[in-house]
Amino acid sequence: MSLLAVENLSLEFRTRSGIVRALENVSLELPEGGSLGLVGESGSGKSVLSFAILGIQDAAARITAGRIRFAGQDLLANEGRAMKALRGRELAMIFQNPRVALNPIRQVGQQIEDVLRRHTDLRGKTLRARAIECLAEVRIPDPERRYAAYPFELSGGMCQRVMIAIALACRPRLLIADEPTTGLDVTTQAAIMRLIRDLGHEKGMATLLITHDLGLAREFCDKLAVMHAGHIVETGPTEAVFRTPAHPYAAQLTRATPVGQDRLENLAAIPGNLPDLRRTDLPACRFAERCERRADDCAIPLPRYEVGAGHTAFCHHPTRLEAA
Amino acid sequence: MLATILKRLLGAIPNLIGVIVVTFLLTRALPGDPAAFFAGPAGTAEAVEEIRVKLGLNKSLPEQFLLYVRDLSRGDWGNSLATGQSVLTELTTRLPASLELTLCGLVLAVVIAIPLGILAATRPGSWIDHLCRGIATAGVSLPTFFTGLLLAYIFYFLLGWAPSPLGRLDPYLSSPPTVTGFYLIDSLLVGDLDVFVGAAKQLILPAVTLALFVLAPLARMTRAAMLGVLSADFIRTARAAGLAPTTVLFTYAFRNALLPVMTTLGMVFSFLLGSNVLVEKVFAWPGIGSFAIEALVASDYAPVQGFVLTMALLYVFLNLAIDIAYGLVDPRMRIDQ
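For clarity, every value in this text was computed on a predicted model and none was experimentally measured.

### Here's the deal with the overall build of chain B
Line of reasoning, step 1. The secondary structure content of chain B amounts to 15 helices and 0 strands.
Line of reasoning, step 2. Here the C-alpha coordinates of chain B stretch approximately 85 × 55 × 40 Å along the principal axes.
Line of reasoning, step 3. When burial is assessed residue by residue, chain B has 44% of its 337 residues classed as buried.
Line of reasoning, step 4. Accessible area for chain B stands at about 16800 Å²; split by element, carbon and sulfur atoms hold 70% of it.
Line of reasoning, step 5. Of note, chain B has its 21 positive side-chain charges centred 13 Å away from the centre of its 21 negative side-chain charges.

This is how it looks when you write it as structure tokens:
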């Protein structure tokens, strides 16, 4: 059984300028200890989905259909009370721009203690000792001294390590990493990703990596889910999606990703923009208007197309035949 | 820390010199002749001239200024023409009255405005948000003398709940021995509950009047700062970590929202001290505001200069206190770094 299962989730924002259908019929699965990369361009709904999983979505957001199951429990039951009990303990999350994602006027050690105090019975000296241990676990040198540091005294990479320490303090079974390397320089990015992978392996923790960097997802994840405009358009084992992308969007996205010796001119940009999700006349396939393979039947509900073992695309005209 | 405070105080000296020069010139530039004023309408030209010589007003401006500075450096702030008392004594006996009133008004405002602002920020668009906006609008649009008169009319004249708005204490009670100059504290120090209750009763209406006036900027700033902080990334991190809503609201959000609130607090405090003249007038409060305005009307130079100098000193200490408080709240603002 999978650790996390999102089933046909739909979510909309009620705004003054209309209803934004930010997620529609989204399903994904993540096994215990597995790693799933959720990829797509900015605005495709990746973060909205991860916030919904944790139940920290915006007040204007409403989940209109679907279920989120975690270790067999329905997280949306009892108005999200099940989720509240697990958040921060079994499910944890780290964010982009670590320097602003930590409380600027609280010592980092205390911020770890806040989480430990909330979810464990540790108090006093043992609490402090455990907080320092958490800092050491994310390979922060000299953790006793760093305990009393404020975020503004640390580098971006150090702040991200602190955030990981906060997230992992209670040994969660699932870590959601939302663009964890955005805002960090390249060498720090690699170190942070290695740290997340190593800690995931050590503790048998599943990871949901949200990124627009396909190269990163390819290196890091066993499985991929490609999102476009609030739909998951293709999902499957990472290498399968890269080698034989079936959905035209996934195909173009993989072509737009530099691999090895690619030169800039060989990289294809994807034409057009995400459709306005407030529109009431959105076609069944939200990529149709940007798609070179568009046909009249793209307006009717999408079929499931099985590309291979565990590799699925949602498209009337998959690119399977030419791809291989 | 101590060295920094000292440095800050030394740094305030140029400001004080500026204040001394400007108030000296401004009082001289005021229309009206103090000598003529004190000679009275029946005074002859000789009498006026005599007073002028006695006050040293016949000397040139630079000479007068030098004499004023010499006196100041000896701790002599001059005498009030109207009361004949030394200005320093007058101010030190009146300052506690003003401070007690201002502080009570401020505390009252803080106790109401901050919870109101927090509630309004956590429930934007709700009735409490509208209430907050309504109070804020009413608070800034009603002048203090009007609310003061209105409160006195309702609670003293119509309902009879409040004592007559005449000063700090009922005339039948004797004021407590002066320790701090704050009647509320001094009466408790000698254990005189009657005087404490009496002083509190006199204090309520003027304090409420002041509170209503400063409630508005405080509540609005609290609401705005809380709204800003609540949408910050680190609040999302705290919520994702499953922290209790109260921890998120107070330990994380409110402490971060405190800086702009404190700035506003400092501003309204210094503003109140000088400008509660009207409230002091309405409630016959023997504070420095009413003292200064009487002196100003009489072209009585020494008290006006003394008043402005006192205010300047208060501002210096107030700003220092606020900077130290900033540092306590926000490690990025520690002044000794």
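### Describing the pairing of strand β1 (residues 4-15) of chain A
All names here are of chain A.
Line of reasoning, step 1. Where β1 meets strand β2 (residues 18-30), 8 bridges bridge the pair, whose relative direction is antiparallel. In the strand pairing of β2, Phe-13 is matched with Val-20.
Line of reasoning, step 2. The hairpin turn running from β1 into β2, its antiparallel successor, is 2 residues long.

### Points about the interface of chain A and chain B
Line of reasoning, step 1. Taken together, the contact between chain A and chain B spans 26 residues of the former and 19 residues of the latter.
Line of reasoning, step 2. Carbon and sulfur atoms make up 60% of the area that chain A and chain B hide from each other, which totals about 2000 Å².
Line of reasoning, step 3. Summed over the shared surface of chain A and chain B, the result is 0 salt bridges.
Line of reasoning, step 4. Our enumeration of links across chain A and chain B arrives at 6 residue pairs in polar contact (both at pLDDT 80 or more).
Line of reasoning, step 5. Among the secondary structure elements, those contributing two or more residues to the side of chain A that touches chain B are α1 (46-54), β6 (91-94), α3 (108-119) and α6 (156-168) of chain A.
Line of reasoning, step 6. In terms of residue count, α3 of chain A provides more of the side of chain A that touches chain B than any other element does, 5 residues in total.
Line of reasoning, step 7. Here the side of chain A that touches chain B is built from residues that sort into 16 nonpolar, 6 polar and 4 charged.

### A short note on the sheet that holds strand β5 (residues 73-74) of chain A
Residues and elements named next belong to chain A.
Line of reasoning, step 1. If you walk across this open sheet you meet the 4 strands as β2-β1-β4-β5, and the pairing is antiparallel. Strands at the two margins of the open sheet, each flanked by one partner only, are β2 and β5.
Line of reasoning, step 2. Bridge count for β1 against strand β4 (residues 61-70) is 8 bridges, and the pairing is antiparallel. For Glu-7, the partnering residue across the bridge sits in β4 and is Arg-67.

### Let's talk about the nonpolar core
Residues and elements named next belong to chain A.
Line of reasoning, step 1. Core analysis: the largest hydrophobic core is formed by 160 residues, its most contacted members being Leu-38, Leu-49, Ile-53, Ile-112, Ile-164 and Leu-174.
Line of reasoning, step 2. Leave out the neighbours within four places in its chain, and Ile-164 touches Ile-94, Val-138, Ile-192, Leu-195, Ile-196 and Leu-199.
Line of reasoning, step 3. Core analysis: the next-biggest nonpolar cluster, separate from the first, contains 17 residues, Leu-214, Tyr-249, Ile-270 and Cys-285 among them.

### Considerations on helix α2 (residues 13-29) of chain B
Line of reasoning, step 1. Given a rise of 1.5 Å per residue, 17 residues ought to cover 24 Å, and the 24 Å separating the end C-alpha atoms of α2 of chain B matches this to within 8%.
Line of reasoning, step 2. Looking at the buried residues of α2 of chain B, the elements they touch are α5 (61-73) and α15 (301-329) of chain B.

### Examining the sheet that holds strand β9 (residues 223-228) of chain A
Residue and element names in this part refer to chain A.
Line of reasoning, step 1. Reading across the sheet, the 8 strands line up as β6-β7-β8-β3-β9-β10-β12-β11 and stay open at both edges, with mixed pairing between neighbours. The sheet terminates laterally at β6 and β11 (304-308), the two strands that pair on one side only. Here the strands of the sheet are splayed against their neighbours by 20 degrees on average, with no regard to which way each runs.
Line of reasoning, step 2. Of the pairings in the sheet, the one linking β11 to strand β12 (residues 311-314) comprises 4 bridges and is antiparallel in character. Bridged to Tyr-305 within β12 is Ala-313.
Line of reasoning, step 3. The strands touched by α6 within the sheet are β6 and β7 (174-178), with β6 carrying the most contacts at an inclination of about 170 degrees.

### Examining the environment of Ala-47 of chain B
Line of reasoning, step 1. Tracing the chain through its elements places Ala-47 of chain B in helix α4 (residues 45-55).
Line of reasoning, step 2. Spatially, the C-alpha atoms of Ala-47 of chain B and Leu-99 of chain B are 40 Å apart, while their sequence positions differ by 52 residues.

Parameters at a glance
- Residues numbered from 1 in each chain as written.
- Chains lettered and ligands numbered in written order.
- Predicted model: local features only at pLDDT ≥ 70, side-chain atom pairs only at ≥ 80, totals over all residues.
- Heavy atoms only, no water.
- Helix = DSSP H or I, 4+ residues; strand = E, 2+ residues; numbered from the N terminus.
- Buried < 20%, exposed > 50% of the residue type's maximum accessible area, 1.4 Å probe, protein only.
- Areas by Shrake-Rupley, 256 points an atom, 1.4 Å probe, with all protein chains shown as cover.
- Lys, Arg positive; Asp, Glu negative; His and termini not counted.
- Charge placed at Lys NZ, Arg CZ, Asp CG, Glu CD.
- Pairing = 2+ DSSP bridges.
- Contact = heavy atoms within 4.5 Å.
- Buried area = accessible area lost by both parts, 1.4 Å probe.
- Salt bridge = Lys/Arg side-chain N within 4 Å of Asp/Glu carboxyl O.
- Polar contact = N/O pair within 3.5 Å; in protein donor to acceptor, adjacent residues only side chain to side chain.
- Nonpolar A, V, L, I, M, F, W, Y, C, P; charged D, E, K, R; others polar.
- Core = buried A, V, L, I, M, F, W, Y, C linked by side-chain atoms within 4.5 Å.
- Expected span 1.5 Å × (residues − 1).
- Axes fitted to C-alpha atoms, helices over the stretch in contact; angles between N-to-C directions.

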